[in-house]
Amino acid sequence: MNWRIVEDAIIRAREEGKFENLPGAGKPLPKDELEHVPADIRMAVRILKNSGYDEEALFVQREMNELGSRLKHAPDEEKTELEQAYNSQMRKMNSLLSKKGLQTNSSAFRQYSRQIHDRLKWD
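Residues numbered from 1 in each chain as written. Predicted model: local features only at pLDDT ≥ 70, side-chain atom pairs only at ≥ 80, totals over all residues. Heavy atoms only, no water.

**What to know about the overall build of the protein chain**
And step 1. Within the protein chain, the regular secondary structure consists of 5 helices and 0 strands.
And step 2. When burial is assessed residue by residue, the protein chain has 19% of its 123 residues classed as buried.
And step 3. Here the contacts in the protein chain between residues at least 6 apart in sequence split such that 43% fall between residues at least 24 apart.
And step 4. Surface accessibility of the protein chain: about 10200 Å² in total, with carbon and sulfur atoms responsible for 52%. (Helix = DSSP H or I, 4+ residues; strand = E, 2+ residues; numbered from the N terminus. Buried < 20%, exposed > 50% of the residue type's maximum accessible area, 1.4 Å probe, protein only. Contact = heavy atoms within 4.5 Å. Areas by Shrake-Rupley, 256 points an atom, 1.4 Å probe, with all protein chains shown as cover.)

**Quick word on the confidence of the model for the protein chain**
And step 1. Averaged over every residue, the pLDDT of the protein chain is 76; the share at 70 or more is 72%.
And step 2. Mean pLDDT across the secondary structure elements of the protein chain bottoms out at helix α5 (residues 107–120), with 62, and peaks at helix α1 (residues 3–15), with 91. (pLDDT = per-residue confidence, 0-100.)

**Let's talk about the nonpolar core**
One recurring pattern in soluble globular proteins: nonpolar side chains tend to sit buried together.
And step 1. Counting 10 residues, the largest nonpolar core is built from Val60, Met64, Leu67, Leu71, Ala74, Leu82, Tyr86, Met90, Met93 and Leu96.
And step 2. Elements that contribute at least two residues to this core include exactly α3 (55–73) and α4 (76–99).
And step 3. Here the element with the most residues in this core is α4; it accounts for 5 residues. (Core = buried A, V, L, I, M, F, W, Y, C linked by side-chain atoms within 4.5 Å.)

**Re the pattern of salt bridges**
And step 1. Inspection of the entire model under this criterion finds 5 salt bridges.
And step 2. The residue Glu7 makes a salt bridge to Arg4 at a minimum N-O spacing of 3.0 Å. Taken together, the residues Glu7 and Arg4, both in helix α1 and 3 residues apart, mark about one turn of the helix.
And step 3. Across the pair Glu35 and Lys31 runs a salt bridge whose closest N-O atoms are separated by 3.3 Å.
And step 4. The exposure class of Glu35 is partly exposed, given its relative accessible area of 46%. (Salt bridge = Lys/Arg side-chain N within 4 Å of Asp/Glu carboxyl O.)

**Re unusual backbone geometry**
And step 1. Notably, Asn21 is not glycine yet its phi reads approximately 55 degrees, a positive angle.
And step 2. Tracing the backbone through its elements, the reader meets Asn21 in the loop between α1 and α2 (39–50).
And step 3. Given a relative accessible area of 77%, Asn21 falls into the exposed group.

**Regarding α1**
And step 1. Here α1 is 13 residues long and its end C-alpha atoms lie 18 Å apart, about the 18 Å a rise of 1.5 Å per residue gives.
And step 2. Count one or two residues on from α1 and you reach Gly17, which has phi positive near 80 degrees. (Expected span 1.5 Å × (residues − 1).)

Set out below in structure tokens:
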């Protein structure tokens, strides 16, 4: 890439005052949420996160799968506790999806939830 073209565009924008009164001017940059990640892999983690990979959501999904499997084979006296744990994980997943701006009350989500319920047959 010809960096001179970029530098010229920046100089021109500065001379035209396009960098004046920008939102957040004079304020510190926000804290990097990935500062705890080692520097040599931070960019890779950032790319994965920006592409939709979410470690917490995957963990919750694994927990739901495990609870669903246990619930399917559990004796009746254990089902209530497992159902509560499963529903708790479902609420956590809903919260994670909501934070990402995904609607969890969509017909697709309700249908998926119904299919899980029917498959595990807990009434």
